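Understanding the architecture of this molecule
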10 protein chains.
Amino acid sequence: NDIVHRLPAQSPMLFAAKKEKNLSFETIAQALGREEVAVAALFYGQAKASPEDIANLSKVLGISEEELNKTEMTGWPDRGRQMEMPPKEPLVYRLFEIVQNYGYAYKAVMNEKFGDGIMSAITFSTKVEREVDEKGEWCKITLRGKWLPYSRF
Amino acid sequence: NDIVHRLPAQSPMLFAAKKEKNLSFETIAQALGREEVAVAALFYGQAKASPEDIANLSKVLGISEEELNKTEMTGWPDRGRQMEMPPKEPLVYRLFEIVQNYGYAYKAVMNEKFGDGIMSAITFSTKVEREVDEKGEWCKITLRGKWLPYSRF
Amino acid sequence: NDIVHRLPAQSPMLFAAKKEKNLSFETIAQALGREEVAVAALFYGQAKASPEDIANLSKVLGISEEELNKTEMTGWPDRGRQMEMPPKEPLVYRLFEIVQNYGYAYKAVMNEKFGDGIMSAITFSTKVEREVDEKGEWCKITLRGKWLPYSRF
Amino acid sequence: NDIVHRLPAQSPMLFAAKKEKNLSFETIAQALGREEVAVAALFYGQAKASPEDIANLSKVLGISEEELNKTEMTGWPDRGRQMEMPPKEPLVYRLFEIVQNYGYAYKAVMNEKFGDGIMSAITFSTKVEREVDEKGEWCKITLRGKWLPYSRF
Amino acid sequence: NDIVHRLPAQSPMLFAAKKEKNLSFETIAQALGREEVAVAALFYGQAKASPEDIANLSKVLGISEEELNKTEMTGWPDRGRQMEMPPKEPLVYRLFEIVQNYGYAYKAVMNEKFGDGIMSAITFSTKVEREVDEKGEWCKITLRGKWLPYSRF
Amino acid sequence: NDIVHRLPAQSPMLFAAKKEKNLSFETIAQALGREEVAVAALFYGQAKASPEDIANLSKVLGISEEELNKTEMTGWPDRGRQMEMPPKEPLVYRLFEIVQNYGYAYKAVMNEKFGDGIMSAITFSTKVEREVDEKGEWCKITLRGKWLPYSRF
Amino acid sequence: NDIVHRLPAQSPMLFAAKKEKNLSFETIAQALGREEVAVAALFYGQAKASPEDIANLSKVLGISEEELNKTEMTGWPDRGRQMEMPPKEPLVYRLFEIVQNYGYAYKAVMNEKFGDGIMSAITFSTKVEREVDEKGEWCKITLRGKWLPYSRF
Amino acid sequence: NDIVHRLPAQSPMLFAAKKEKNLSFETIAQALGREEVAVAALFYGQAKASPEDIANLSKVLGISEEELNKTEMTGWPDRGRQMEMPPKEPLVYRLFEIVQNYGYAYKAVMNEKFGDGIMSAITFSTKVEREVDEKGEWCKITLRGKWLPYSRF
Amino acid sequence: NDIVHRLPAQSPMLFAAKKEKNLSFETIAQALGREEVAVAALFYGQAKASPEDIANLSKVLGISEEELNKTEMTGWPDRGRQMEMPPKEPLVYRLFEIVQNYGYAYKAVMNEKFGDGIMSAITFSTKVEREVDEKGEWCKITLRGKWLPYSRF
Amino acid sequence: NDIVHRLPAQSPMLFAAKKEKNLSFETIAQALGREEVAVAALFYGQAKASPEDIANLSKVLGISEEELNKTEMTGWPDRGRQMEMPPKEPLVYRLFEIVQNYGYAYKAVMNEKFGDGIMSAITFSTKVEREVDEKGEWCKITLRGKWLPYSRF
């Protein structure tokens with residue numbers, strides 16, 4: 001599948017080990033002490049693995065640390081390259097559409113609450129949760145970033 | 001400013017009244033019993049105003065219901081038009097970048113938690129919260145949508 | 001042909017088996033109890049195969065379930081990637097043109113019939129039918145999706 | 001709202017009369033003996049009005065035939081201009097997404113059923129229907145076009 | 001050369017045989033009873049070969065019918081993919097420029113001559129002719145398509 | 001309608017006079033001794049009017065030569081600006097599609113017939129003809145341009 | 001000139017006052033205690049004016065504070081809109097080209113010096129200096145931003 | 001990772017040697033007597049290596065001069081190809097955003113300081129520095145280019 | 001005509017005066033002691049007028065210096081904005097095509113003749129000449145720019 | 001390097017022979033009796049080699065005519081494909097920028113000198129010259145094309 005060409009070389013190895021051991025991102029995330037989205041980002045080459053991540057991944061996936069260290073996992077990720085924008089994948093498009101429809105509404109509310117600045121996407125964390133009620137299943141995504149006011153210069 | 005050309009005709013009137021009465025979106029949201037982002041979306045023409053919204057907006061903004069009803073506020077919004085993608089505004093770009101960087105990580109985690117489907121951006125709500133800790137101010141955005149599995153046909 | 005590079009790895013295997021056994025999508029669809037368009041979407045990697053689909057495909061195509069399960073057919077499809085938009089293929093362009101020409105007319109009629117919302121493309125089914133009359137052959141495509149009203153928040 | 005700049009000059013007049021008389025497209029469509037989508041297309045300048053359409057629109061909207069004839073309604077429509085592609089409006093995007101996801105599946109099924117050719121988008125009709133069942137409301141769109149085989153030359 | 005990547009697999013085989021036998025499209029077109037442009041379109045994978053075309057091509061090119069049938073030549077062509085638009089090739093750009101410069105002039109004249117509709121590009125034939133006069137060589141391209149009036153619905 | 005913004009200022013005046021006098025391009029073309037497409041191109045500002053064209057247009061349209069000379073009609077046309085590419089108008093798109101589908105086939109045939117060069121779109125003429133047979137109406141477009149071989153340097 | 005349409009309404013007033021009083025950005029920057037680039041950004045609507053900025057601008061430009069406060073100067077800037085990318089202006093293009101040519105070299109050096117993160121463009125300042133040596137005039141631009149390491153989550 | 005496809009063939013060899021010898025760009029830059037950014041640009045194929053650069057790189061990396069000379073390192077670089085614009089990488093995007101937000105402010109200040117012209121990106125040098133204060137780490141980038149006034153002709 | 005919207009405000013005034021006085025660019029260029037292309041660039045707002053240019057233009061065009069100085073003619077031009085790229089105008093497209101077809105050939109020859117660098121487009125002049133021989137009229141464009149070698153840093 | 005994928009197969013062979021024999025384009029051009037730019041265009045597959053070119057290239061490069069004839073060198077070039085527009089390479093961008101900045105100025109001057117038409121890029125030659133004066137090195141590019149007036153039809 002085409003996305004593979006846009007991923008770093010370690011991605012197929014990681015996904016194959018995960019599939020073979022029948023592991024969920026939830027299990028791997030617990031083993032690494034990280035959020036599931038962060039772990040999936042590691043698999044897609046969108047985050048840097050620390051030495052502890054390598055040690056833990058080695059244990060949970062059954063791949064030697066040496067082999068993991070030979071990949072680009074501990075290098076500096078070249079982020080964003082696996083995506084074409086606008087996204088064609090319906091699930092990802094819905095997230096894009098939220099930005100497209102509510103972008104200026106978020107800005108208006110955030111400027112009012114915080115002043116002139118931005119929410120950092122770097123000093124930042126995110127998680128996905130599943131909620132169930134009588135109407136069915138709900139997906140809840142939380143984005144939490146440091147507020148950065150514009151410097152005066 | 002250029003965004004005005006992409007907004008429906010009622011937007012300047014609403015923003016002017018809000019400025020004159022020195023109202024925050026928080027105050028207006030309380031008067032309408034709605035979230036701040038939803039209210040800002042009403043101001044930008046990205047959501048439809050219900051008759052109660054009109055009644056409440058009339059009171060809080062001091063514009064007659066008749067005048068509000070003459071605008072396109074109660075019509076069917078033509079959503080998304082006020083945005084160019086990718087967004088040039090740094091605040092909005094950061095949200096876009098989150099989708100660009102973590103889009104496939106979200107998909108991987110959501111497919112694993114829910115199966116094959118999407119998080120609805122229509123049966124959906126969102127809010128912005130401000131948190132303060134010893135490291136400073138944090139912006140927290142919550143996205144919550146109904147999970148829709150693909151129909152089998 | 002170039003589209004092959006945009007398809008998942010199982011696609012050539014499936015098309016080859018279909019050709020060798022000289023099967024139509026109609027026949028395969030009957031074997032799977034699904035619509036022809038859904039089956040073609042499986043072949044192009046645009047839909048997820050259930051375990052029963054795998055069992056039935058195995059029988060009708062003469063490929064072992066094990067071999068089918070080794071492919072990405074039961075994984076989470078990365079939808080939309082096989083298409084460039086606007087489509088260059090004349091047959092597909094005509095569908096695109098219908099959206100381009102009648103998009104706002106559909107919206108106006110649907111808003112009036114249903115209120116503010118969208119027709120889901122996920123809780124959704126579609127089929128193609130052939131009709132013949134004295135003027136010749138007609139192609140009839142039916143799109144049927146759940147109506148989703150915008151949440152109030 | 002921005003779409004107005006992309007519409008022919010008669011559109012605001014027609015929508016205003018429709019709103020003032022509180023008419024639905026259903027009512028107007030019955031008065032014209034045409035489909036609702038076709039009537040909405042007339043309002044958006046995406047279809048040509050025949051002399052009978054003018055006569056009927058005059059009656060139902062209360063605008064003189066003379067005034068209607070002075071507009072571009074009876075001229076040759078410059079179709080497609082009111083849309084940006086990909087569409088930003090969520091309702092219209094869902095239709096675009098169906099083409100994006102199922103385009104090649106439709107082609108595969110249609111080639112098999114009809115041979116090498118296309119479904120005409122000109123010798124063509126379409127309608128929108130509302131269906132209700134225990135799961136809620138469903139929107140059904142039918143596209144019906146003449147099959148055109150490629151000429152041999 | 002890059003265009004090869006956008007062509008179906010049979011194209012290089014066909015061009016190689018044509019070159020080896022030192023055949024012109026004119027000769028091959030006579031052998032197939034078709035227009036030269038149609039034959040070139042077969043070579044570029046932009047048209048479907050009929051069984052007679054296969055038989056005739058086999059004879060004239062010295063490739064067995066079996067080998068030709070193994071290719072995608074008798075499958076459903078995925079048209080348009082070999083081109084980037086706007087075309088960079090100067091010869092092809094000139095044709096594009098004619099559409100760009102005279103597109104609305106053609107439309108105005110055609111609407112006046114035929115009414116509201118289009119010239120079909122499917123029920124369609126085309127040819128290229130060479131004319132010589134005292135001013136030099138002239139290239140004459142003829143496009144001839146069925147007129148399709150818009151359906152009333 | 002939006003195309004008006006992309007046309008030179010004289011266009012609405014010319015179209016209005018043509019409509020008021022109920023003249024066809026055929027009639028005007030005869031009065032000018034030119035092809036209908038060339039006359040329509042004059043109306044859309046895609047061709048330069050000669051002094052005789054001005055004289056003849058003045059007579060046939062009933063506009064004084066002085067008034068015509070005050071416009072940009074006798075200036076140097078800024079060609080191509082009235083079109084967006086790819087064209088959204090279905091009639092014009094069909095012409096674009098012909099270039100997209102047959103572009104390389106034309107090139108192959110033309111190179112074979114003429115050598116390395118292009119068909120000029122400047123030393124060029126074109127016309128539209130209507131043909132009727134038992135299958136209905138056909139539109140025939142002829143493009144005729146000087147062959148220009150690449151200079152050797 | 002076209003850029004005016006992309007600027008907020010106060011920009012022409014500010015530039016006119018600056019021209020009339022024959023003030024340089026250097027003088028105004030000294031009056032505001034800010035960098036020249038920051039002041040120019042205020043003029044182009046790319047930065048927010050503080051109450052002191054308004055007071056100082058009022059004095060130096062001779063426009064009353066009340067008039068300045070009526071503009072969008074103290075509102076939340078909608079940044080980035082005045083630019084098309086890639087920039088067509090040769091001076092601005094050179095800056096764009098530096099990012100294009102050295103972007104990954106900067107990244108490699110910065111990752112090595114600081115680890116995984118980014119240089120903030122918000123907690124950020126910049127200045128332009130003129131240097132003269134025997135080879136002529138040199139322009140020196142300094143960009144200084146807070147280093148933000150990626151959060152671990 | 002995808003960027004590799006856009007780099008010249010020597011890049012992987014250089015990065016591998018650097019990694020194996022555990023060398024920083026700082027160390028290599030000292031060995032070459034050049035800036036770190038210039039050295040990283042050499043590694044990415046964005047700068048031409050002089051004979052002394054080859055000699056020094058050979059020593060510091062432990063690759064023979066002959067082997068280095070066989071690569072394209074001493075050829076004419078095809079600059080800019082390794083980047084897509086706008087950049088998706090967050091670190092590089094921040095630099096792009098600075099140009100997008102402050103481009104016209106830089107121009108206004110530079111025109112005032114120097115007159116009509118540009119800062120050269122060719123007769124140009126740049127460096128990255130790390131600064132630490134009580135607020136943390138800061139990244140300082142300096143761009144220094146010859147001022148080129150427009151020729152009068 | 002649309003280009004007017006992309007030109008500075010003085011352009012129509014200049015062209016009108018030129019037309020009224022029936023002056024050629026050749027005449028105006030002689031009056032200013034500049035090249036015709038430079039003068040046309042002044043008319044299109046692509047170059048800055050010096051005080052002597054203003055004095056000379058005032059005389060030759062019969063517009064007072066005061067009126068000329070009130071325009072943006074003596075300001076800093078915002079170059080490049082009047083063009084869409086790729087150009088649609090056939091005359092301008094031919095120049096673009098020359099860059100497209102011969103760009104890398106120019107680069108190869110220039111690198112060989114001069115080393116690693118660029119031909120400046122700022123320290124630059126250009127002219128257009130007309131030549132006539134037995135084959136007809138020829139247009140000769142000369143581009144002459146300072147060679148700028150890349151700095152070593 | 002990426003451009004190789006966009007070049008015809010003979011290009012690497014030609015460049016390798018040129019490098020091995022240490023030949024300049026100047027030398028090869030003399031051997032072929034052609035301009036250096038034309039020869040570089042042959043190397044990049046942007047021009048067709050005549051039989052004499054093949055004979056001369058064979059001699060000067062030491063490659064047999066047979067081997068050269070097996071390549072696409074004597075076929076019909078697929079021009080323009082090796083370039084992305086706008087060009088990212090700074091040297092080529094400067095040429096593009098000249099068209100962008102002076103395009104309409106060239107058109108105005110050329111229309112005045114020649115009337116309504118274009119300068120041919122086919123009946124065309126070009127050369128690069130090096131000039132040295134006290135200010136340094138200058139690059140002079142000459143473009144010379146046949147003037148083609150628009151046909152009247």
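Residues numbered from 1 in each chain as written. Chains lettered and ligands numbered in written order. Predicted model: local features only at pLDDT ≥ 70, side-chain atom pairs only at ≥ 80, totals over all residues. Heavy atoms only, no water.

1. What about the overall build of chain A?
Of the regular secondary structure elements, chain A holds 6 helices and 2 strands. Element order for chain A, N to C, with α for helix and β for strand: α-α-α-α-α-α-β-β. Structurally, chain A occupies a C-alpha span of about 50 × 50 × 30 Å along its principal axes. The buried share among the 153 residues of chain A stands at 64%. (Helix = DSSP H or I, 4+ residues; strand = E, 2+ residues; numbered from the N terminus. Buried < 20%, exposed > 50% of the residue type's maximum accessible area, 1.4 Å probe, protein only.)

2. Considerations on the relation of the copies chain J and chain I
Screw-axis analysis of chain J against chain I gives a translation of 0.0 Å along the axis, an RMSD of 0.0 Å, and a rotation angle of 180 degrees. Such a turn and shift between the copies fits a two-fold axis. Closest to the rotation axis within chain J is the C-alpha of J:T142, separated from it by 2.3 Å. Take the interface residues of chain J: 100% of them recur as interface residues in chain I, which is what a same-surface contact looks like. (Least-squares fit on C-alpha atoms with pLDDT ≥ 70 in both. Contact = heavy atoms within 4.5 Å.)

3. Notes on the interface of chain J and chain I
Contact residues are listed per partner, giving 69 residues for chain J and 69 residues for chain I. Around 7,100 Å² of area is buried between chain J and chain I when both sides are counted, 71% of it from carbon and sulfur atoms. On the surface where chain J and chain I come into contact, there are 9 salt bridges. Between I:D133 and J:R144 there is a salt bridge, with its nearest N and O atoms 4.0 Å apart. Between chain J and chain I we count 18 residue pairs in polar contact (both at pLDDT 80 or more) in total. Elements with a minimum of two residues in the side of chain J that touches chain I: α2 (25-32), α3 (36-43), α6 (90-114), β1 (117-133) and β2 (136-149) of chain J. If you tally residues by element for the side of chain J that touches chain I, the top one is α6(J), at 24 residues. Taken together, the residues that form the side of chain J that touches chain I break down as 36 nonpolar, 14 polar and 19 charged. (Buried area = accessible area lost by both parts, 1.4 Å probe. Salt bridge = Lys/Arg side-chain N within 4 Å of Asp/Glu carboxyl O. Polar contact = N/O pair within 3.5 Å; in protein donor to acceptor, adjacent residues only side chain to side chain. Nonpolar A, V, L, I, M, F, W, Y, C, P; charged D, E, K, R; others polar.)

4. Quick look at the interface of chain B and chain A
It is common to give the size of an interface as the accessible area lost on bringing the parts into contact. Each partner contributes residues to the interface: chain B has 69 residues there, and chain A has 69 residues. Roughly 7,000 Å² of surface becomes buried between chain B and chain A when both sides are summed, with 71% attributable to carbon and sulfur atoms. If you sort the residues of chain B by the area they bury against chain A, B:L91, B:Y104 and B:Y106 come out on top, with a joint share of 11%. There are 8 salt bridges connecting chain B and chain A. When the shortest N-O distance is used, the salt bridge between A:R144 and B:E131 registers 2.7 Å. Joining chain B to chain A, the criterion identifies 18 residue pairs in polar contact (both at pLDDT 80 or more). The greatest single-element share of the side of chain B that touches chain A, amounting to 24 residues, is contributed by helix α6 (residues 90-114) of chain B. Here the residues of the side of chain B that touches chain A sort into 36 nonpolar, 14 polar and 19 charged. Of the pairings in the sheet, the one linking strand β2 (residues 136-149) of chain A to strand β2 (residues 136-149) of chain B comprises 9 bridges and is antiparallel in character. Of the residues in β2(B), the one forming a bridge with A:I141 is B:L143. (Pairing = 2+ DSSP bridges.)

5. Focus: the relation of the copies chain B and chain A
Look at the two chain copies: a rotation about an axis and a shift along it is all it takes to match them. Superposing chain B onto chain A takes a rotation of 180 degrees plus a shift of 0.0 Å along the axis, which leaves an RMSD of 0.0 Å. When the interface residues of chain B are mapped onto chain A, 100% of them are again interface residues, pointing to one common binding face.

6. Some thoughts on the packing of helix α2 (residues 25-32) of chain E against helix α3 (residues 36-43) of chain E
All names here are of chain E. Taken N-terminus to C-terminus, the directions of α2 and α3 make an angle of 100 degrees; their axes are 8 Å apart at the nearest point. With respect to α3, the axis of α2 lies roughly perpendicular. For the pair formed by α2 and α3, the contact residues are F25, E26, I28, A29 and L32 on the first element and E36, V39, A40, L42 and F43 on the second. (Axes fitted to C-alpha atoms, helices over the stretch in contact; angles between N-to-C directions. Parallel < 35°, antiparallel > 145°, perpendicular 65-115°, else oblique.)

7. Structural notes on the sheet that holds β1(J)
Ordered by their spatial adjacency, 4 strands build an open sheet running β1(I)-β2(I)-β2(J)-β1(J), and the pairing between neighbours is antiparallel. In this open sheet, the two strands that pair with only one neighbour each are β1 (117-133) of chain I together with β1 of chain J. This sheet shows a mean twist of 20 degrees between the axes of neighbouring strands, independent of strand direction. Contacting β1 and β2 (136-149) of chain I together with β1 and β2 of chain J, helix α6 (residues 90-114) of chain I runs over the sheet at an angle of about 30 degrees to β1(J).

8. Digging into the packing of aromatic side chains
Scanning the entire structure with this criterion turns up 100 aromatic pairs over all chains. Relative to B:W147, the ring of B:F114 lies with its centre 4.5 Å away and its plane at 15 degrees, an arrangement referred to as stacked. With B:F114 in helix α6 and B:W147 in strand β2, this residue pair connects regions lying 33 residues apart in the sequence. Accessibility expressed as a relative area gives 2% for B:W147, which makes it buried. Judged by centre distance (5.3 Å) and plane angle (85 degrees), the ring pair of E:F25 and E:F43 falls under edge-to-face. (Phe/Tyr/Trp six-rings, centres within 6.5 Å; stacked < 30°, edge-to-face > 60°.)

9. So, unusual backbone geometry
Omega for the peptide link from D:M85 to D:P86 comes to -5 degrees, which places this bond in the cis form. One non-glycine residue, G:N22, lies in positive phi territory at about 55 degrees. With respect to the helices and strands, G:N22 occurs in the loop between α1 (10-20) and α2 (25-32). Given the relative accessible area of 68%, G:N22 is considered exposed.

10. Brief notes about the sheet that holds β2(B)
In spatial order, the strands read β1(A)-β2(A)-β2(B)-β1(B); together these 4 strands make up an open sheet with antiparallel pairing. The open sheet has two edge strands with one neighbour each: β1 (117-133) of chain A together with β1 (117-133) of chain B. Across the sheet, the axes of successive neighbouring strands diverge by a mean angle of 20 degrees, strand direction being ignored. With 13 bridges joining them, β1(B) and β2(B) adopt antiparallel strand pairing. Bridging across to β2(B), B:I118 finds its partner in B:L148.

11. A closer look at the pattern of salt bridges
Overall, the coordinates contain 123 salt bridges over all chains when judged by the stated rule. We note a salt bridge from A:R81 to H:E84, for which the minimum N-O separation is 3.7 Å. One end of the pair, A:R81, is in the loop between α5 (65-70) and α6 (90-114); the other, H:E84, is in the loop between α5 (65-70) and α6 (90-114), on a second chain. H:R34 is paired through a salt bridge with H:D53; the nearest N and O atoms lie 2.7 Å apart. Residue H:R34 is located in the loop between α2 (25-32) and α3 (36-43), and its partner H:D53 is located in helix α4 (residues 51-61); the two are separated by 19 residues in the primary sequence. A relative accessible area of 11% places H:R34 in the buried class. You can call H:D53 buried: its relative accessible area is 0%.

12. Quick look at the arrangement of the chains
There is a clear gap between chain D and chain G: no contact, and 16 Å between their nearest C-alpha atoms. Spatially, chain C is disjoint from chain I: no contact exists, and the shortest C-alpha separation is 19 Å.

13. Some remarks on the environment of E:K18
With respect to the helices, strands and loops of the structure, E:K18 is situated in helix α1 (residues 10-20). With 44 residues separating them in the primary sequence, E:K18 and E:G62 have C-alpha atoms 9.4 Å apart. For E:K18, the residues in contact, after removing those within four places along its chain, are E:L23, E:S24, E:F25, E:I28, E:F43, E:L61 and F:E112.

14. Considering the side chain of H:S120
The residue H:S120 is located in strand β1 (residues 117-133) in this model. Since its relative accessible area comes to 1%, H:S120 is described here as buried. Polar contacts involving the side chain of H:S120 include one to the main-chain amide nitrogen of H:I122, which spans 3.0 Å. Ignoring sequence-local partners within four residues, the contact set of H:S120 consists of H:G145, H:K146, H:L148 and I:L148.

15. Quick look at the packing of helix α2 (residues 25-32) of chain I against helix α4 (residues 51-61) of chain I
Residue and element names in this part refer to chain I. For the pair α2 and α4, the least separation of the axes is 9 Å and the interaxial angle reads 135 degrees. Regarding the angle of α2 to α4, the classification is oblique. Note on packing geometry: the crossing formed by α2 with α4 is right-handed. Between α2 and α4, the residues in contact are I28, A31 and L32 and D53, N56, L57, V60 and L61, respectively. Here the residues of the contact of α2 with α4 are counted per class, giving 6 nonpolar, 1 polar and 1 charged. (Left-handed = near helix turned anticlockwise from the far one by under 90°.)

16. Some words on the side chain of J:Q82
Inspection of the secondary structure puts J:Q82 in the loop between α5 (65-70) and α6. In this structure the side chain of J:Q82 is engaged in a polar contact, spanning 3.1 Å, whose partner is the side chain of J:Q46.

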